[in-house]
Amino acid sequence: MEEKKVNRIKVKGNHVILSLVSLVLGFIIAFSYHLTQLQNTKPKMTDRQYKQTLALRNQLIEQEKTNRKLQKELNQKQAKVQKYEKEFAKEAKVFANLAEDAEKYRLYIGKVKVKGNGIKVTLADGAYDPKEGNVNNYLVHEHHVFKVINELYISGAAAVGINGQRLTSHSYIVCNGPVITVDGVPHPAPFVITAIGDPDILSSSLNLTGGVKDQLVNDNIVFKLEKANNITFGPIIGS
């Protein structure tokens, strides 16, 4: 009785395995059949279409090669352009500096009109003292005028004039008694020296302790300084 039961159990186990194998095999056969049907229904490419597709593919590959080559050339040219731009920027800066220097030199030699704020210095002869034997000790001489002019230029004056006559880099001043000649033009006292520049700086430079103002006052010169607006000097013809 026990042997018969064991045989029955073995038979049932084999049936289960056989059923599983059949099921998997059936699925594989069905899937293969379905895949074959899809491949058969897919339209086949003719030789002409294949050649056209191959030609287009080759053209695309060549076009990609050309694009890469052109992109490389573009990058190189862009690098050159950036280099030239930097060089041009440097040259433009140099030219701007040269133009600025040229304008400054034209200003100094009196070739262009100039207008601006500044100061006005008046030098007048001192009061005559009958007890003083030498009247020249009370007169304004060219060296007094030179002291004021030199200090103004040192302090950054853009333009200087005497009694409205503009000075240049080669102007000359000669004293002839109570008259001073500037570039051949005589000017009587008092002498009004005007300068275009920073009024505060120009004033401070002349008012330094022991400076130009103190020296002139010690020489009995009447010294007067005031700030002035809208001083104008025209260009010097023939300078």
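Everything below is about the structure printed above this text.
Anyway, here's the lowdown on the structure attached to this text. (Residues numbered from 1 in each chain as written. Predicted model: local features only at pLDDT ≥ 70, side-chain atom pairs only at ≥ 80, totals over all residues. Heavy atoms only, no water.)

With that settled, the discussion passes to helix α4 (residues 199-206). The periodicity of an α-helix, 3.6 residues per turn, causes residues three or four positions apart to be oriented the same way. Along α4, the positions that sit buried rather than exposed are Pro199, Leu202, Ser203, Ser205 and Leu206. Seen along its axis, α4 keeps its buried residues to an arc of 165°; they face one direction. Here the buried face of α4 lies against β1 (114-124), α3 (142-154), β7 (191-196), α5 (212-218) and β8 (222-233). With a side-chain oxygen positioned 3.0 Å from the backbone nitrogen of Asp200, the residue opening α4 is Asp198. (Buried < 20%, exposed > 50% of the residue type's maximum accessible area, 1.4 Å probe, protein only. Helix = DSSP H or I, 4+ residues; strand = E, 2+ residues; numbered from the N terminus. Arc of directions from axis to C-beta. Contact = heavy atoms within 4.5 Å. Polar contact = N/O pair within 3.5 Å; in protein donor to acceptor, adjacent residues only side chain to side chain.)

If you look at the biggest cluster of nonpolar residues, it comprises 24 residues, and the most contacted ones within it are Leu123, Val145, Leu152 and Ile193. Mapped onto this core, the elements with two or more residues apiece are β1, α3, β2 (159-162), β5 (179-182), β7, α4 and α5. Looking at this core, the element that brings in the most residues is α3, giving four residues. Setting aside anything within four residues of it in sequence, one finds Ile193 in contact with Ile119, Lys120, Val121, Leu123, Val145, Val148, Ile149, Leu152, Val160, Gly161 and Ile162. Val114, Ile196, Ala228 and Ile231 belong to the second largest nonpolar core, which has six residues in total. (Core = buried A, V, L, I, M, F, W, Y, C linked by side-chain atoms within 4.5 Å.)

The next thing to look at is the sheet that holds strand β6 (residues 185-188). Strand order in the open sheet formed by three strands is β4-β5-β6, and the pairing between neighbours is antiparallel. A single partner strand is all that each edge strand has here, and the edge strands are β4 (173-176) and β6. Across the sheet, the axes of successive neighbouring strands diverge by a mean angle of 30°, strand direction being ignored. In the sheet, β5 pairs with β6 via four bridges, with the strands oriented antiparallel. Bridge pairing links Ile180 to His187 in β6. The strands touched by α3 are β4 and β5; relative to β4, the strand with the most contacts, the crossing angle is about 150°. (Pairing = 2+ DSSP bridges. Axes fitted to C-alpha atoms, helices over the stretch in contact; angles between N-to-C directions.)

Alignment of β4 against β5, held across four bridges, turns out to be antiparallel. Looking at β5, one finds that Asn176 is bridged to Val179. Between β4 and the antiparallel strand that follows it, β5, lie two residues; Gly177 among them carries a positive phi value of about 70°.

Quick look at the environment of Asn150 now. Mapped onto the elements, Asn150 comes out in helix α3. For Asn150, a relative accessible area of 42% gives the class partly exposed. Taking C-alpha positions, Asn150 is 9.9 Å from Val160, a pair spaced 10 residues apart along the chain.

Quick look at the sheet that holds strand β3 (residues 165-166) now. With antiparallel pairing, five strands are arranged side by side in an open sheet as β3-β2-β7-β1-β8. Every interior strand has two partners, whereas the edge strands, β3 and β8, have only one. Where β2 and β7 come together, four bridges link them in antiparallel fashion. Bridged to Ile162 within β7 is Ile193. Sitting on the sheet, α4 is in contact with β1, β7 and β8, with an inclination near 25° to β1.

With that settled, consider the packing of α3 against α4. The interhelical angle for the contact between α3 and α4, taken along N-to-C directions, is 135°, at an axis separation of 9 Å. It follows that α3 is oblique to α4 by the angle criterion. Where α3 crosses over α4, the two elements pack in a sense that is right-handed. Taking contact as the criterion, the partners of Val148, Glu151 and Leu152 in α3 are, on α4, Leu202, Ser205 and Leu206. (Parallel < 35°, antiparallel > 145°, perpendicular 65-115°, else oblique. Left-handed = near helix turned anticlockwise from the far one by under 90°.)

The full count for this structure, using the stated rule, is two salt bridges. Notably, a salt bridge pairs Lys65 with Glu62, separated by 3.9 Å at the nearest N-O pair. Here Lys65 pairs with Glu62, and both are found in helix α2 (residues 47-108), just three residues apart, close to one helical turn. You can call Lys65 partly exposed: its relative accessible area is 44%. Look at Glu62 and you get partly exposed, because its relative accessible area is 45%. In this structure, Lys227 and Asp200 form a salt bridge, with 2.4 Å as the shortest nitrogen-oxygen distance. Residue Lys227 is found in strand β8, and its partner Asp200 is found in helix α4; the two are separated by 27 residues along the sequence. With relative accessibility at 44%, the residue Asp200 sits in the partly exposed group. (Salt bridge = Lys/Arg side-chain N within 4 Å of Asp/Glu carboxyl O.)

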